[in-house]
Each structure stands twice: as C-alpha cells, then as structure tokens.
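Next come the chains, spelled out residue by residue.
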Amino acid sequence: MDDRRHDKLGTYRAKRDPRRTSEPIPDDTRRGGDDTFVIQEHHARSLHWDLRLERDGVLVSWAIPRGLPPDPATNHLAVHTEDHPMEYAAFEGEIPEGEYGGGTMTIWDRGRYTTEKWNDREVKIVLSGSRASGRYVLFQTDGRNWMIHRMDPPDAGWEPQPMSLAPMTPVTRSRVPRDAGAYAWEFAWGGLRALAHVSGGRLVLRSAAGDEITREHRWLRPLAESLGSRAVTLDGEIVTLGGTSVYVCYDLLYDDGRPLLAEPYERRRAGLEELGMTGARWQIAPSWPGEVQAVRRAAAGQGLPGVVGKRLGSPYTPGESPSWVFVAA
C-alpha cells in the first residue's frame, strides 16, 4: 500500500462507513497518468456538481453548486473538498440518507485533461470530455472556497439567458377565429403568470411585471433541481389544483444557450414536451391543435374563464399579440 496515498485519503475514509455506503473505499494503489477527470451530478441536500481531477494517485475534488460556467463573463463558486480515490471516477449510485453526501450520484461527464498550471492556490486545466471541453482555471479565494472561470469564449451559437422578459399575452375575441385549425387550443387558467428562469439547478421566478417572486413560491425550487444542468426559461402560470399551488407550464423560451423567441410555437411546444417535466407541483399544460370546441366545453365544465388559441407558426413576441387569442368559455 502507498502510505502517502493512504494519508491523502484519511479524511475520505473517516467520513464513510463501508457497511452503510457503496462508495469505493479501496486499500490498493491505482496510479494513472494524472490526466483523468470526472464530473458527477450530485443530488444531495442541494444539487451540485463534483469536479474531480486525477493528481498523484487521488482525485482532487471541488463541489461546484452551479456547475461549470458557460462563458467567461461569470465565475462560479467551487468548494474544495477531500481527495477521493481513483475508483470514484466510475462511481454512480445512491448514497444512503443520513450518510455524508447522502443522495443520488451520477456521472455527468468524464474524459481526459491536461495541466497548464498547478499549485496550492491556482489550477489551470484543459478539459476534453463529451460535454465539458475547453480551458478553465480554478483559483482560491478564501480557505476552502475557490472560483472556477472559463477561459475560452462561449461555444459557437451560445447566447446568454434572458432574465427580463415581458410575457406574450392574447387579444380577446368574442368569437372563435374562422381558421381555428391553425391554432393550438389551451385552457385559460386564470392564475398568476410567471416566467421561470432555471440555470445550474437554481430557480429565479418573475411575475408578469418583472418582479422576482421566487421567495414567495419556494415550493417550486425542486423543479429547477429536476432539470439538472439544463438552462431553460419557461412561461406558465401558478394555479390552484385540488387546493394545492401548481406551476402549469405552456411555453419554452430558452434552452441551453439557445433563445427560442423567433421559433414557431409548435417547435417551442415540441421542445417543451421533450423536457419531460413531471412533478407533484409542476406540469406541462395540455394543448390540442385545432380542437377548439371540445376544449371550450371542457373549460366551461371546469369553471375556467375560457380558452387561448396560439397560432402554430407564431414566434413569441412579448406583449399583446393577435397571434394568441382568448375566447371566453
């Protein structure tokens, strides 16, 4: 056994009981080429990502609450944690509740890296993975607290997430449009309009007026964690269903670096459904292309104010737009 490696893993071993966790606690030495990295998505007490870099027979580790920064304009916190054994680079599984780091661990990305600089206060690396690639630097700020900075420009086509958008609203009509088949028909919920900005597992919720209302609706924060590293902006309403507040989502305005405002409604809707969002307190609103009369009767039967028709080929234009039509039930 490599005693020096054993000493490096002393803290790791002290925090884990092999009788209670399936995490690797090896006794043998496994040395590589100081070029392996892994990023694990860790749904523990709070969602974070663990960046681990092979160095001198162990995985030097940082917990990054918001994941890797997508562009050089924003640095993310990276908390230096205990060294992990090399075997941890392949670990996925459930850490029992009550144990250190209890929760679900999955591999978000892994690959090779090269070192440009490494000392006690600064680590400069180049990652080569399937999801994470490019030059990053980690630098110490205070004790265990470090920051991680992306040194390369953003990926081609990437745009920052819009954090202040006015929602698109329908015009009111007394009659159903003659070309009703050109619209997707949804319930008019009569709830609180809210745009949900999700990034790095964190939620910022804004009202139609642009006011932040995240704190008042903290029950919705698990929605952000359920999306993992996905950065999205959602449009929807907070409604009461069965006595419980639920976020009913009906549009996708931004998806992982790509604004979707110029995309037609039917394409945005397809992207929304591909997210597969299911939860006790959030859901994707049902939508029925062309089926206005059946939807209108259902809305009346449920005591809803009416229906909204959304023209299938329309872009998302903030403010009132004739491409969306409200008709009373």
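Definitions and cut-offs
Just so you know, the residues in each chain are numbered from 1, in the order the chain's sequence is written. Confidence filtering applies because this is a predicted model: local features only for residues at pLDDT of at least 70, side-chain atom pairs given and counted only at 80 or more, and all residues used for totals across whole chains, interfaces and linings. To obtain the side-chain values, all non-hydrogen atoms of the structure were included, while hydrogens and water were left out. Using a 1.4 Å probe on the protein chains alone, a residue whose accessible area is under 20% of its type maximum counts as buried, one over 50% counts as exposed, and one in between counts as partly exposed. In DSSP terms, a helix is any run of H or I states spanning at least four residues, a strand is any run of E spanning at least two, and both are numbered starting from the N terminus. Strand pairing requires that DSSP identify at least two bridges connecting the strands. Buried Ala, Val, Leu, Ile, Met, Phe, Trp, Tyr and Cys residues that are joined via side-chain atoms within 4.5 Å together make up what is termed a nonpolar core. The contact definition used throughout considers only heavy atoms, calling two residues in contact when any of these lie within 4.5 Å.

J.: Residue-level account of the pairing of strand β15 (residues 244–255), with values.
T.: Most of β15 is tucked away, with 10 of its 12 residues classed as buried. Between strand β14 (residues 232–241) and β15, which follow one another and run antiparallel, lie 2 residues, and Gly242 among them has a positive phi close to 60°. Here β15 pairs with strand β17 (residues 282–284) via 3 bridges, running parallel. From the neighbouring strand, Cys249 faces β17, where its bridge partner is Ile284. Across 2 bridges, the pairing between β15 and strand β16 (residues 258–259) is antiparallel. The residue of β16 that forms the bridge with Tyr254 is Pro259. In this antiparallel pair of consecutive strands, β15 and β16, the connection spans 2 residues, and Asp256 shows a positive phi of 45°.

J.: A description of the sheet that holds strand β20 (residues 319–328) should follow, citing residues and the corresponding values.
T.: One open sheet holds the 5 strands; their spatial order is β10-β20-β19-β11-β18, and the pairing between them is mixed. At either margin of the open sheet sits one strand with a lone partner, and together these are β10 (168–173) and β18 (288–289). Note: strand β19 (residues 306–311) against β20, 5 bridges, orientation antiparallel. By the bridge assignment for β20, Lys310 is matched with Trp324.

J.: Report on the nonpolar core, specifying residues and quantitative values.
T.: Counting 32 residues, the largest nonpolar core has Leu53, Leu127 and Leu138 as its most contacted members. Listed by contribution, the elements that provide at least two residues to this core are β1 (36–43), β2 (47–55), β3 (58–64), β6 (103–118), β7 (122–129), β8 (133–142) and β9 (145–150). No other element matches β3, which puts 5 residues into this core. For Leu127, the contacting residues outside a window of four places in its chain are Phe37, Leu53, Leu68, Arg112, Tyr113, Ala132, Ser133, Gly134 and Tyr136. In terms of nonpolar packing, the next biggest core, distinct from the first, is built from 22 residues, Leu205, Trp219, Leu220 and Tyr247 among them.

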